[in-house]
Each structure stands twice: as structure tokens, then as C-alpha cells.
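Listed here are the chains, written in short residue letters.
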Amino acid sequence: MNILKAKSVELPNGKTVTFKRSKAPWIILVLLICFYYSVQITGFDLQVLAKRIGQFWVIIGDMIPPNWKYLNKLWQPLFDTIKMSLLGSILGSIFALPLAYLASSNMIKNKPVVAAFKFILSLLRTLPTLVAALIATFVFGIGTMAGTVAIFIFTVAYVGKLLYEAIENADLKAFEAMHSMGHTTTSAFRCAIMPQILPNYLSNAIFCFEGNVRYAAILGYVGAGGIGLMLNESLGWRNYANVGMILLLLVVTVYIIESISEYFRKKLM
Amino acid sequence: MIKFQNVNKKYDNGYEALKDINLTIEQGEYVAVIGLSGAGKSTLIRCINRMHDISSGSLLVNDVEVSTLKGKEIRKLRRGIGMIFQSFNLVNRISSLKNVLVSFVPDMPIWRKVLGLYTKKQKIEALEALDRMNILDKAFTRVDQLSGGQQQRVALARTLAQKPSIILADEPVASLDPITAKQVMTDFQRINEEMNMTIIINIHHVDLALEYATRVVGIRSGEIVYDGPASEVTEQILEHIYNGKLEEELSGN
């Protein structure tokens, strides 16, 4: 299908070898055309960017120095945020395991069941966390409960998806041996597949928790509790010194959690 | 006793893997199944523990008709039959001991299965099985740290812990070097003699088959073309088992 003709060279002994032409120039051309039209459609304007960028630095300037006195009001919402993401991540990761098992085509031979559970997992994934949190606030009322549920749903979808991919890619040799010695499929999964996927599973759960801390920070925007509520409030009052304090606290917290998470994930590999 | 009577096996794609197999193997025999790749050796032994279904005929294992078993009965049949594979099929990330302990799992209560908790008695039995295969010192080593020969011994220990009356081995020495292959064949011989277990081995190495097995079954395109003592296998018989197909194809052309 390549438009350009393949190039061939002749070796000294008379044999010819043909090189395939690279498709890269065509791909780059297509990308450039896409880029041009996306600029046209979204109305991206370089002049506005140049004119208004100064405002960005003004706001950053207002944030420095941050309002240190505000800090003691922030501890409670910060811990709420961490609690929300921790609880949601743990429950979600546990719940993801049976769902992922049922969505793995190499474990469950019943095709409609596998398709149904894959569909459920992808349906959950299409639901943005913010929307899930918003719906949860209607069901459970304003507060951290709603945030926990939203994070739970996201974790089930995310960890569940990665987990069933890991199960489907797992080496089935030991699994076959389990069957040959009289294990049921679930018992063979427990003995032969679980040891293979466990490090990956834990690593994904920890990575998901790490991301969830960041998500949880903005969930307050829709009333799901935590530090996002304070952020929304301070931005509403244009109190950039307070915003600066919140952001600084978030950066430090996320950095600490990321470092801990990275340490444990390295240990697992 | 294993008894094949007029057994046929046709795969879903129409390929006839076994044609009218009649074969009786008594308890305690050491049988080597030889033949070209694709001749049906693997299919033959996998029918015995119902890893494959047969299409027609009758297959008795210890007086149980295998072809009509269902669910739980199949698992019960398999509990009494050990299986050894070419690539060992161990769980790589865990220790030898844990790999052996896995053979007790089907008979454990659910909560023990879920938590992976074994009794002291089971641990001692597993260690004994490892000791029997002379690999006790590697009990706590992860199996991916072991050599091929050592891994096959762990797999044998796993099978012994299951206390089967029959061991099926599908190319057990094909991925081992010649020296280790001999050792593993000797291990099979020891198990066969000491514990009176029936051993059925699929094997490509004819010299090993003739040296260790007491009986040889030759298969060519799904049919048994030789069945007799290993000591009576001659050059002509081997020619018949291996090159027969070649001759047919040559004459056909």
C-alpha cells in the first residue's frame, strides 16, 4: 500500500535486498494537518495568549508569600482528603479483584459473562470522577462520604481494567498443571495466577491511591468534602495568599505520598 | 489399569489425532510412547486424565469409564493421576515448598484455600516429597532461581505429594541437557520401582526410551504401529515408526 517504491540494493555477490520505505513522513504530514484544523476549530489565539500571560504572573505574585496563619485551618480538610482517597482506594482495589476475574476471557469460558463484566468496567471508567462525586453528593449528601464513593468507583474501574489485562496476559502453564491435578478453575487461579499478578496488582493499587490523592483535592469543588472545598472558597474570594497556602500544602503532601508510593512499588518489582 | 478400546479422537477442526487405539497398560508399568511430532503422542496421554475428550470408543482408568465423567468426577479422577510437563509448569514467583504444597489445595476447606494456609502435616509431607527427589535443600528457593533439572524435580515432588497411582509425562526431558535428562529418567525409574506407580512418558529421545522404559509404544499418524518390550525394539521397528510416514509421502509423490 506504500506509495513510494521500495528501495533495493545489490550485494557484491549479486543478491538483492529490498528495504521497506518508512511511513514516518506520511504520519507526520497527517499530524500537521490535524494540528492545523484543531487550532482552527478550538479558536486558539496566540495573540490572546501573549496579551494575557502577564495576568498569570500577577496571580502567582499574589500567592507569594502564602498566608501561613491559614495553615491550622487546613489540617482537618487535608486529612479528610487523604482519608477519602485511602479508604476509597483500598475498598476499590479489593472489589476490583472479583470483577477482573470475571472479566478475564482466559479464566471464564462463558463469553457473555466476560463481555458483560468488561462492559461494566469500561462503563465505570467513562464516568469522570467529578461527575461520580456530584451524583454521590445527591445520594449521600455533602461531605467526605460522597468523595469516598467517587474514588471507590474510579479505583474499581482503573485497577479492575489493569488487573484483567494482567490476568489475560498471565502465563497459563502452571494454571494448566493445576487443572491436571484436579483443581477447580477458581482454585487454579488462586494458586497459579495470583502469585504472578500480585506484585503488579499491589503496585497498581498504590499508584491509583497516589493519583486519587490529587483527584480528592478537587472533589471538594462539587461538595464532596476535603481540601477542595477550601480551595473553592478561597478562589471565590480572590484570596490568592490563602490559595497559595493550600497549593503549597498540596504539593508537599502529594510529594511525600508519591515518594512513599514509589519506594514500595520499587520494592514490589 | 488403563484400557483403551477402539478409541478415536477427532479435533474440532476435523484433524484425526487418534485412530482406533487399543491399548492396555497394567499398574506399575514404565511405558515410553515414541513417534514423530504431531503423531498423537501428546493427545494419547492427555486423554487419560481427560485434559482432552475422546470422540468415540471406551477408555477405562482403574475401572472407571473416563469419557462419561463430569465436573467433580473429572477432578476426582485427576487427583489420582500426576502430570509432568516439558516446561515444568511451576509457579515461578514462589518457593519450591509452596509449589509442592499446591497439590494439597483441592482437598482443603475454602478458608484455607483463600488464605493459603497449610497444616503442619501437609508441610512435612511436602518436605518429604522434596527430600525423595533429593532437592530438600532448595525448599525455600524461588523456583525461577533453579536450573531446569532442579525445576523438573520440584515438579516431580509436587506430583508425588499428590500420591497418584499413575504419572503421565509429556516430553519431560525435552528441555533438559543430556546428563540432566538421564538423571530425570532415573528418577522416574526409581519412583516406578519403589512405589509401583504406572509411568507413561512421551519422549523424543529414542535411546533414553529404550534404556529406561520396560515397554515401548510407537505411534504413527494417530495409530499404534508398535507395542512391545523395549528390549525387542530393533532398527527396523524404529524405521517403521519414524520413517514409515516419510516413505509413504515419498512413494505418494
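What counts, and where the lines are drawn
Residues numbered from 1 in each chain as written. Chains lettered and ligands numbered in written order. Predicted model: local features only at pLDDT ≥ 70, side-chain atom pairs only at ≥ 80, totals over all residues. Helix = DSSP H or I, 4+ residues; strand = E, 2+ residues; numbered from the N terminus. Rg over C-alpha atoms; globule rule 2.2 N^0.38 Å. Buried ≥ 20, exposed ≤ 12 C-beta atoms within 10 Å, placed from the backbone. Contact = placed C-beta atoms within 7 Å. Pairing = 2+ DSSP bridges. Axes fitted to C-alpha atoms, helices over the stretch in contact; angles between N-to-C directions. Expected span 1.5 Å × (residues − 1). Nonpolar A, V, L, I, M, F, W, Y, C, P; charged D, E, K, R; others polar. Parallel < 35°, antiparallel > 145°, perpendicular 65-115°, else oblique. Left-handed = near helix turned anticlockwise from the far one by under 90°. Core = buried A, V, L, I, M, F, W, Y, C linked by C-beta atoms within 7 Å. pLDDT = per-residue confidence, 0-100.

> Would you mind going over the overall build of chain A with me for this structure?
Secondary structure assignment for chain A yields ten helices and two strands. Reading the helices (α) and strands (β) of chain A from amino to carboxyl end gives β-β-α-α-α-α-α-α-α-α-α-α. In terms of overall size, chain A is more extended than a compact globule, its C-alpha atoms giving a radius of gyration of 26 Å where 269 residues would be expected to give roughly 18 Å. In terms of overall dimensions, chain A has C-alpha extents of about 80 × 60 × 35 Å along its principal axes. Evaluated residue by residue, chain A yields a buried proportion of 35% over its 269 residues. Expressed as a percentage of contacts within chain A between residues at least 6 apart in sequence, the contacts between residues at least 24 apart total 70%.

> Just checking my understanding: could you explain the overall build of chain B for this structure?
When its secondary structure is counted, chain B shows nine helices and ten strands. Scaling as 2.2 N^0.38, a compact globule of 253 residues should have a C-alpha radius of gyration of about 18 Å, and chain B matches this with 19 Å. With the C-alpha coordinates of chain B rotated into their principal frame, the extents come out at 60 × 40 × 30 Å. Out of the 253 residues in chain B, the part that is buried amounts to 42%. Contacts spanning at least 24 positions in sequence make up 67% of the contacts within chain B whose residues lie at least 6 apart.

> Help me understand the sheet that holds strand 6 (residues 81–84) of chain B in this model?
Across a sheet, paired strands are connected by hydrogen bonds in the backbone, their directions being either parallel or antiparallel. Residues and elements named next belong to chain B. The strand order 6-7-8-3-9-10 describes an open sheet built from six strands, whose pairing is mixed. Since the sheet does not close on itself, it has two edges, and those belong to strand 6 and strand 10 (223–229), each with one partner. Strand-to-strand twist across the sheet, computed as the mean angle between neighbouring axes with direction ignored, equals 15°. The pairing of strand 6 with strand 7 (residues 166–170) spans four bridges and is parallel. Residue pairing across strands places Ile 81 opposite Ile 166, the latter belonging to strand 7. Where helix 7 (residues 178–195) meets the sheet, its contacts fall on strand 3 (30–34) and strand 8 (198–202), and the angle it forms with strand 8 comes to roughly 155°.

> Is there a simple way to think about helix 6 (residues 144–169) of chain A in this case?
Since there are 3.6 residues in each turn of an α-helix, residues three or four apart along the chain are aligned in direction. Look at helix 6 of chain A: 37 Å from first C-alpha to last across 26 residues, which is about the 38 Å you get at 1.5 Å a residue. The element helix 6 of chain A is extensively covered by neighbouring structure, given that 21 of its 26 residues are classed as buried.

> Which parts of the structure should I look at to understand the pairing of strand 2 (residues 16–25) of chain B?
Residues in a regular strand project their side chains so that they alternate between the two faces of the sheet. Residues and elements named next belong to chain B. Direction of pairing for strand 1 (residues 2–10) relative to strand 2: antiparallel, over a ladder of six bridges. Among the inter-strand pairings, Phe 4 is bridged to a residue of strand 2, identified as Leu 23. The antiparallel pairing of strand 1 with strand 2 creates a hairpin that spans five residues between the two strands, and Gly 14 there sits at a positive phi of about 95°.

> How do you make sense of the interface of chain B and chain A when you look at a structure like this?
When the parts of a complex come together, some accessible area is lost, and that lost area is often used as the size of the interface. Taken together, the contact pairs 21 residues of chain B with 16 residues of chain A. Looking at the side of chain B that touches chain A, the elements that each hand over two or more residues are helix 2 (71–79) and strand 6 of chain B. With four residues, the top contributor of residues to the side of chain B that touches chain A is helix 2 of chain B. Looking at the side of chain B that touches chain A residue by residue, the classes come out as nine nonpolar, six polar and six charged.

> Would you explain the sheet that holds strand 4 (residues 56–61) of chain B in this entry?
Residues and elements named next belong to chain B. The antiparallel open sheet is built from four strands, whose spatial order is 2-1-4-5. Each having just a single partner strand, strand 2 and strand 5 (64–65) make up the two edges of the open sheet. As paired strands, strand 1 and strand 4 are joined by five bridges and run antiparallel to one another. Residue pairing across strands places Gln 5 opposite Ser 58, the latter belonging to strand 4.

> Explanation requested: unusual backbone geometry in the structure shown.
If a residue is not glycine, its phi is most likely negative; likewise, a peptide bond is most likely trans. Cis geometry is found at the peptide bond from Ile64(A) to Pro65(A), where omega equals -5°. Residues other than glycine seldom take positive phi values, yet Asn89(B) does so here, at roughly 50°. With respect to the helices, strands and loops of the structure, Asn89(B) is situated in the loop between strand 6 and helix 3 (96–101). Of note, Glu171(B) is a non-glycine position whose phi angle comes to about 50°, a positive value.

> Sorry if this is basic, but what is going on with the packing of helix 5 (residues 129–140) of chain A against helix 6 of chain A here?
Think of two packed helices as two axes; the pair is described by the angle between the axes and how far apart they sit. Residue and element names in this part refer to chain A. Interhelical geometry of helix 5 versus helix 6 gives an angle of 135° and a closest axis separation of 8 Å. It follows that helix 5 is oblique to helix 6 by the angle criterion. Of the two elements, helix 5 crosses helix 6, and the hand of that crossing is right-handed. Across the interface between the two elements, Thr 129, Ala 132, Ala 133, Ala 136, Thr 137 and Phe 140 from helix 5 touch Met 145, Ala 146, Gly 147, Val 149, Ala 150, Ile 153 and Phe 154 from helix 6. Within the contact of helix 5 with helix 6, the residues separate by chemical class into ten nonpolar, three polar and no charged.

> What's the story with the packing of helix 3 (residues 71–102) of chain A against helix 8 (residues 185–219) of chain A in this structure? I'm lost.
Residues and elements named next belong to chain A. The interhelical angle for the contact between helix 3 and helix 8, taken along N-to-C directions, is 150°, at an axis separation of 9 Å. One finds that helix 3 runs roughly antiparallel with respect to helix 8. Helix-helix and strand crossings are classified by hand; for helix 3 and helix 8 the assignment is right-handed. Of helix 8, the residues touching helix 3 (which contributes Thr 81, Ile 82, Met 84, Ser 85, Leu 86, Gly 88, Ser 89, Ser 93 and Tyr 101) are Phe 189, Ala 205, Cys 208, Phe 209, Asn 212, Val 213, Ala 216 and Ala 217. Each residue belonging to the contact of helix 3 with helix 8 can be placed in one class, and the counts come to eleven nonpolar, six polar and no charged.

> What is the right way to read the pairing of strand 2 (residues 16–19) of chain A from this model?
All names here are of chain A. Note that strand 1 (residues 7–10) and strand 2 share four bridges and pair antiparallel. Following the sheet pairing, Glu 10 is matched in strand 2 by Thr 16. What sits between strand 1 and strand 2 in their antiparallel hairpin is a turn of five residues, with Gly 14 showing a positive phi close to 100°.

> What is the right way to read the nonpolar core from this model?
In a soluble, globular protein the nonpolar side chains are often hidden away together inside. Formed by 131 residues in total, the largest nonpolar core has its most connected members in Ala150(A), Val33(B), Val100(B), Ala157(B) and Ile199(B). Filtering out sequence-adjacent residues up to four positions away, Ala150(A) remains in contact with Thr129(A), Ala132(A), Ala133(A), Ala136(A), Leu219(A) and Ala224(A).

> What should I look at first to understand the environment of Lys10(B) in this one?
All names here are of chain B. One can find Lys 10 in strand 1. For Lys 10, a count of 15 C-beta atoms within 10 Å puts it in the partly exposed group. Expressed as a C-alpha distance, the spacing of Lys 10 and Gln 27, which sit 17 residues apart in the sequence, is 28 Å.

> Can you help me understand the confidence of the model for chain B in this one?
Segments scoring low in pLDDT should not have their predicted coordinates read at a detailed level. Looking at chain B, the pLDDT average stands at 88 and 96% of residues meet or exceed 70. The ipTM, which scores confidence in the relative placement of chains, is 0.87 for this predicted complex, and the corresponding pTM is 0.80.

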